[in-house]
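Residue strings, one per chain:
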Amino acid sequence: MELLEVAKRAAAAGAAVISENVDKPRSIEYKGTIDLVTNTDKASEEAVLKVITDAFPNHAILGEEGGVFGDTSSDYLWVVDPLDGTTNFAHSYPCFAVSVGVLRGGVPVAGVVVEFAGGRGSWVQRTYSATRGGGAHLGGTRISASACSDLQRALLVTGFGYEHDEAWAANLELFKHFTDVTQGVRRLGAAAVDLCHVALGIVDGYWEYRLKPWDLAAGVLIAEEAGALVTTMDGEPFSVFSRSVLAANEGVHGAIVARTRAATTALAAEGMDFSPWFVPQGYRIKAISDEPES
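As recorded in an unreviewed UniProt entry, the protein chain goes by the name Inositol-1-monophosphatase, listed as coming from Elliptochloris bilobata. In its Pathway (unreviewed entry) section, the UniProt record describing the protein chain reads: "Polyol metabolism; myo-inositol biosynthesis; myo-inositol from D-glucose 6-phosphate: step 2/2." Listed in UniProt under the heading Cofactor (unreviewed entry), the comment for the protein chain reads: "Mg(2+)".

Given below as structure tokens:
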């Protein structure tokens, strides 16, 4: 599939920039009190976008650093996180990644995530990829979500955003609950990698509030193509513009959503907005359950 090949080249271009700078001193700016961006984020995005625009000059692009450009009336929207897990990168702490996803009619149809694992002086890269209907792969090997069906035996992963608001507090309570009833909950700090670890079957489920489309576009497709169920945290159909995500294998998804639905419903009752966000003006979105054939 041409889309996947371009996504692979684009992600590899971004990963090359990161690899060149991974053990060098950082130039850090702050987008908020603790939300940071480095010169490597920007250079990686430039490298990724050049590959995409050279191949598909008429497609639209949504990048974490550069925002929206191109023709948003196109069916195709590329969604790019040039360095997911910037805080980890800034501290030379695994894990972080390049994430490149492409949507058609608002639905992910191809995605690539290049994960950086290891540590200072011994970094390794792992490339995950998927096409809709074509399965998920790590390198050239097909991968699948775990077969765990007992929540007490599950290992889960979640994340916490920079806004310490009601959703953050609600997720802290969910973290406490699932820590009590599972074998543990991890917090890695890179959503794209979390979703790929669900796809790889090394964790059984992942949930988080208020992620952005660039955090999700590639990873949710990889998880879904590996056999995970992907919904919002209240169990509704998911789009990459949703404000919550739950990805888990079929055996534990129901048990997780039973708890996350209650928390999310309570937040909505308190007035929290769960409508789609970061949708480029003029771009049409759908839920995963309504996807076109690829």
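> Could you clarify how one ought to interpret the side chain of Thr158 in this entry?
Along the chain, Thr158 turns up in strand E11 (residues 155-158). A distance of 2.7 Å separates the side chain of Thr158 from the backbone oxygen of Trp207, its partner in a polar contact. In this structure Thr158 touches Asn171, Phe175, Val185, Arg186, Arg187, Leu188, Asp194, Tyr206, Trp207 and Glu208, once residues within four positions along its chain are discounted.

> Just checking my understanding: could you explain the packing of aromatic side chains for this structure?
To describe a pair of aromatic rings, one takes the distance between the centres and the angle between the planes. Considering all chains together, one arrives at 10 aromatic pairs under this definition. One aromatic cluster is present, formed by Phe89, Phe96, Phe116 and Trp123 through successive ring pairs.

> Could you clarify how one ought to interpret the UniProt feature "binding site: Mg(2+)" (unreviewed entry) in the protein chain in this entry?
Taking the UniProt record as the reference, the feature "binding site: Mg(2+)" (unreviewed entry) is found at Glu64, Asp81, Leu83, Asp84 and Asp215. Annotated residues spanning 152 residues; largest pairwise C-alpha distance 9.7 Å, indicating a single compact cluster. Its place among the elements puts Glu64 in the loop between strand E3 (60-63) and strand E4 (67-69). Looking at the secondary structure, you find Asp81 in strand E5 (residues 76-84). Looking at Asp81, the relative accessible area reads 1%, which means it is buried.

> It is not clear to me how the nonpolar core should be interpreted in this structure. Could you clarify?
For soluble globular proteins, nonpolar side chains are generally found buried alongside one another. Counting 30 residues, the largest nonpolar core has Leu3, Ile52, Trp78, Phe96 and Val100 as the members making the most contacts within it. Sorting the residues of this core by element identifies helix H1 (2-21), helix H2 (39-55), E5, strand E6 (96-104) and strand E7 (107-117) as the ones contributing at least two each. By residue number, the principal contributor to this core is H1, which donates 8 residues.

> Looking at this model, I keep getting lost on unusual backbone geometry. Mind explaining?
Phi is mostly negative for residues that are not glycine, and the peptide bonds are mostly trans. Residue Pro94 is joined to Cys95 through a cis peptide bond whose omega torsion reads 15°. Mapped onto the elements of the fold, Cys95 is located in the loop between helix H3 (86-90) and E6. One non-glycine residue with positive phi stands out, namely Arg210, at about 60°. Turning to its location among the elements, Arg210 is positioned in the loop between strand E13 (205-209) and helix H6 (213-225). Given a relative accessible area of 23%, Arg210 falls into the partly exposed group.

> Before we go on, may I ask you to explain the packing of H1 against H2 in this structure?
How two helices pack is summed up by the angle between their axes together with the distance between the axes. Where H1 meets H2, the closest approach of the two axes is 8 Å, and the angle between their N-to-C directions is 155°. Considered as vectors, H1 and H2 are oriented roughly antiparallel to each other. The two elements H1 and H2 meet at a crossing, and its hand is right-handed. Here H1 contributes Val6, Arg9, Ala10, Ala13, Gly14, Val17, Ile18 and Asn21 to the contact with H2, which in turn contributes Thr40, Ala43, Ser44, Ala47, Val48, Val51, Ile52 and Ala55.

The rules behind these values
- Sequence order as written defines the numbering, with residues in each chain counted from 1.
- Reporting of local features is limited, given that this is a predicted model, to residues whose pLDDT is at least 70; pairs of side-chain atoms are given and counted only at 80 or more, and all residues count toward the totals for whole chains, interfaces and linings.
- Think of the side-chain values as coming from all heavy atoms in the structure, minus any hydrogens and water.
- UniProt positions are given in the numbering used here, feature names are shortened, and annotations may be inferred rather than shown by experiment.
- Put simply, DSSP marks the helices as runs of H or I at least four residues long and the strands as runs of E at least two long, and each gets a number from the N terminus on.
- Here a polar contact means two N or O atoms within 3.5 Å. Within protein one must be a hydrogen donor candidate and the other an acceptor candidate, and residues neighboring in sequence count only if both atoms are side-chain atoms.
- Two residues qualify as a contact provided that any one of their heavy atoms is within 4.5 Å of a heavy atom in the partner residue.
- Centres within 6.5 Å make a pair out of two Phe, Tyr or Trp rings, where for Trp the six-membered ring is used; the pair is then stacked when the planes are under 30 degrees apart, edge-to-face when over 60, and tilted otherwise.
- Only protein chains enter the accessibility calculation, which uses a 1.4 Å probe; a residue whose area is less than 20% of its type maximum is buried, one above 50% is exposed, and one in between is partly exposed.
- In these notes, a set of buried Ala, Val, Leu, Ile, Met, Phe, Trp, Tyr and Cys residues joined through side-chain atoms within 4.5 Å is what counts as a nonpolar core.
- Axis angles are defined between N-to-C directions and span 0 to 180 degrees, where every axis is a line fitted to C-alpha atoms and, for a helix, only to the segment in contact.
- We call two directions roughly parallel when the angle between them is under 35 degrees, roughly antiparallel when it is over 145, roughly perpendicular when it lies between 65 and 115, and oblique otherwise.
- Take the far helix as the reference: if the near one is turned anticlockwise from it by less than a right angle, the crossing is left-handed, and if turned clockwise, right-handed.

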